Amino acid sequence: MLESLSDRLQGVFGGLKSKGRLTPDDIDAAMREVRMALLEADVNYKVVKTFVAKTKERCMGADVLESLTPAQNVVKIVLDELTELLGGTSSRMVLTSRIPNVIMLVGLQGSGKTTAAAKLAYLLKSKGHSPLLVACDTYRPAAADQLETLGSEIGVKVFRGDGAHPVGIAQEGVRFAIDNLRDVVIVDTAGRLQVDEAMMAEAADIKAAVEPDQIFMVVDAMTGQEIVNVASAFAERVDFDGAIVSKMDGDARGGAALSIKAVTGKPIKMIGVSEKLDGGLEDFHPDRMAGRILDLGDLESLFEQAQRNMDQDTLKEGAKKIQKGEFSLDDFLKQLKQIQKLGSMSGILSMIPGMGKYKEQLKDVDLNGKEIRHIEAIILSMTPFIMKTIRPFISSKKQA
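Every chain begins its residue count from 1, and numbering advances along the sequence as written. Per-residue local features of the predicted model are confined to residues with pLDDT of at least 70, and side-chain atom pairs are confined, for both listing and counting, to 80 or more; whole-chain, interface and lining totals are unaffected and use all residues. With hydrogens and water excluded, all non-hydrogen atoms of the structure serve as input to the side-chain values.

Draft legend 1. Here's a closer look at the overall build of the protein chain. Secondary structure summary: the protein chain contains 18 helices and eight strands in total. Residues counted as buried form 45% of the 400 residues belonging to the protein chain. Residue pairs at least 24 apart in sequence account for 76% of intrachain contacts in the protein chain once pairs closer than 6 positions are excluded. Helix and strand definitions here come from DSSP, where helices need a minimum of 4 consecutive H or I residues and strands a minimum of 2 consecutive E residues; each element is numbered from the N-terminal end. When accessible area is computed with a 1.4 Å probe and restricted to protein chains, residues below 20% of their type maximum are described as buried, those above 50% as exposed, and intermediate ones as partly exposed. Throughout, a contact is declared for two residues whenever any of their heavy atoms are within 4.5 Å.

Draft legend 2. Just the pattern of salt bridges, in detail. A pairing counts as a salt bridge when a side-chain nitrogen of Lys or Arg comes within 4 Å of a carboxyl oxygen of Asp or Glu. Summed over all chains, the structure comprises 16 salt bridges. Here Glu 40 makes a salt bridge to Arg 8, at a shortest N to O gap of 2.6 Å. Remark: Arg 8 occurs in helix α1 (residues 3-17) and Glu 40 occurs in helix α2 (residues 24-40); sequence separation between them is 32 residues. Classification of Glu 40 as partly exposed rests on a relative accessible area of 41%.

Draft legend 3. Structural detail: the pairing of strand β1 (residues 101-106). In terms of burial, β1 is largely enclosed, as six of its six residues are buried. The alternating pattern of β1 places Asn 101, Ile 103 and Leu 105 on one face and Val 102, Met 104 and Val 106 on the opposite face, and all of these are buried. Pairing between two strands requires that DSSP report at least two bridges joining them. As judged from the five bridges shared by β1 and strand β4 (residues 184-188), these two strands associate in the parallel manner. Among the inter-strand pairings, Val 102 is bridged to a residue of β4, identified as Val 185. In this structure, β1 lies alongside strand β5 (residues 214-220), joined through four bridges in parallel fashion. Opposite Val 106, over in β5, you have Met 217 as the bridge partner.

Draft legend 4. Up close: empty space enclosed by the protein. Computed over the protein atoms alone on a 1 Å grid, cavities are sets of points where a 1.4 Å probe fits but cannot get out and pockets are open sets with protein on both sides within 12 Å along at least five of seven lines; a residue lines them when it has an atom within 4 Å of a point. Grid points are joined across faces, edges and corners, and a volume is the space filled by probe spheres set on the points. Considering all chains together, one arrives at two cavities of 30 Å³ or more under this definition. Lining the largest cavity, in full, are Val 106, Gly 107, Thr 189, Ala 190, Met 199, Glu 202, Ala 203 and Phe 234. Top contributing element to the lining of the largest cavity by residue count: helix α9 (residues 197-210), with three residues. Three categories are distinguished: nonpolar for Ala, Val, Leu, Ile, Met, Phe, Trp, Tyr, Cys and Pro, charged for Asp, Glu, Lys and Arg, and polar for the others, with Gly belonging to the last. In terms of residue class, the lining of the largest cavity is made up of five nonpolar, two polar and one charged. In this model, the second largest cavity occupies a volume close to 30 Å³. Going through the elements one at a time, α14 (312-324) and α15 (329-340) are the ones with two or more residues in the lining of the second largest cavity.

Draft legend 5. Just the packing of α15 against helix α17 (residues 370-380), in detail. Between the N-to-C directions of two axes lies an angle of 0 to 180 degrees, each axis being a line fitted to C-alpha atoms and, for a helix, fitted only over the stretch in contact. Taken N-terminus to C-terminus, the directions of α15 and α17 make an angle of 150°; their axes are 11 Å apart at the nearest point. Taken together, the axes of α15 and α17 lie roughly antiparallel to each other. Pair α15 / α17 crosses with left-handed handedness. Touching Leu 329, Phe 332, Leu 333, Leu 336, Lys 337 and Gln 340 of α15 are Ile 372, Arg 373, Ile 375, Glu 376, Ile 379 and Leu 380, all from α17. Tallied by class, residues from the contact of α15 with α17 come to eight nonpolar, one polar and three charged. Roughly parallel means an angle under 35 degrees; roughly antiparallel means over 145; roughly perpendicular covers 65 to 115; every other angle is labelled oblique. Handedness of a crossing is defined here by the sense of rotation of the near helix relative to the far one, left-handed for an anticlockwise turn of less than a right angle and right-handed for a clockwise turn.

Draft legend 6. Examining the packing of helix α10 (residues 227-237) against helix α11 (residues 255-264) more closely. Between α10 and α11, whose axes approach to 10 Å, the crossing angle comes to 45°. With respect to their mutual orientation, α10 and α11 come out oblique. Helix-helix and strand crossings are classified by hand; for α10 and α11 the assignment is right-handed. Each of Ile 227, Val 228, Ala 231 and Ser 232 in α10 lies in contact with α11, whose residues at this interface are Ala 256, Ser 259, Ile 260, Val 263 and Thr 264.

Draft legend 7. Up close: the packing of aromatic side chains. Only centres within 6.5 Å qualify two rings of Phe, Tyr or Trp (six-membered ring in Trp) as a pair; their planes then separate them into stacked at under 30 degrees, edge-to-face at over 60, and tilted for everything else. Going through the model one piece at a time under the given rule, you end up with one aromatic pair. Between Phe 159 and Phe 176, the ring centres sit 5.3 Å apart and the planes meet at 40°, which makes this aromatic pair tilted. Linking Phe 159 in strand β3 (residues 158-159) with Phe 176 in helix α8 (residues 166-179), this pair joins segments that are 17 residues apart in sequence. For Phe 159, a relative accessible area of 12% corresponds to the buried category. Owing to a relative accessible area of 22%, Phe 176 belongs among the partly exposed residues under this scheme.

Draft legend 8. Here's a closer look at the environment of Met 289. Checked against the element boundaries, Met 289 lands in helix α12 (residues 286-293). Classification of Met 289 by relative accessible area gives buried; the value is 13%. Along the primary structure Met 289 and Leu 82 are separated by 207 residues, whereas in three dimensions their C-alpha atoms are 9.0 Å apart.

Draft legend 9. Structural context of α12. In terms of burial, α12 is largely enclosed, as six of its eight residues are buried. Looking one or two places after α12, you find Asp 295, whose phi comes out positive at around 65°.

By themselves, these observations are geometric and do not establish any function.
Below, the structure written as structure tokens:
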């Protein structure tokens, strides 16, 4: 996601770094390139216009034009403005003292609401809560079945009610949660292919009936200019508290993620980073995302991801065996499995500062885990006897 935008912006700044001093004409040319890069990423044109105007005004100041390192100052200004465009500061989901907390998800059909509901339920369960999923989409075929299947995968109860009316199901779901000591209710509402009055009226009725503590609009990251109309309509009728941007691990241009805060004034709360229910939903950090777009890395997220997903005992055990010279192919396989928990190699590299400049050299290198799976298959095809037999040859080759 946003890779093409990142490449374009890095190209712009690379050209500026070759100049000792910058002139107003250099700034004008760079801002034209930035404007084109954002428009190609399908960011709303009004958002682009405001962003470029603010950035250009700051770049024309004496701090840049008279600086000995003007290109670095331009990058810093773009980083600040991009961070502000994405929301400025992190806005995490915080549960209230009400029991049960009611969270309502809204959005268009196909935006990923049902999957986001299950991911959110898993995240809350992992933090010690007892969530309940409520299936209020009575229109899409098998929508409730899909939610129930996802719920069974993560061990979370799904309330379907009688399947007659969404408002009634939502109310009954909250009562069920109270009777069964569930502290969080996640209401999955119906969507449409496009905004219409029936959907908006139903969402407003459910909101009035269950009085949710928080309403999140689920936005498909592939949504481009249309996000303006969609988000504005939901903001007017249900006044949602924040957005969950799904499919951020895809290869779409990502205009929705860059437009949502400027268009609605509502922050991005979370992003979908994988199809997995466990770990597929993460808190959104505007400053970290801006840094990754500008190839400044995101080591903080990488460290958090490693701490959250990797088994620290396995890593320590592997390190001790290496020191003692007892590291086997089985141990090597365990370490590979830990690395795979971090996601694709391309995703890991995107979090390391400055890796963008090596993209050309890495274009023929497998970064999607195919080679790792091949190595895994080779090791798993061996018997313990074969592993023991070939170990002396591996050791002698290392010494040579």
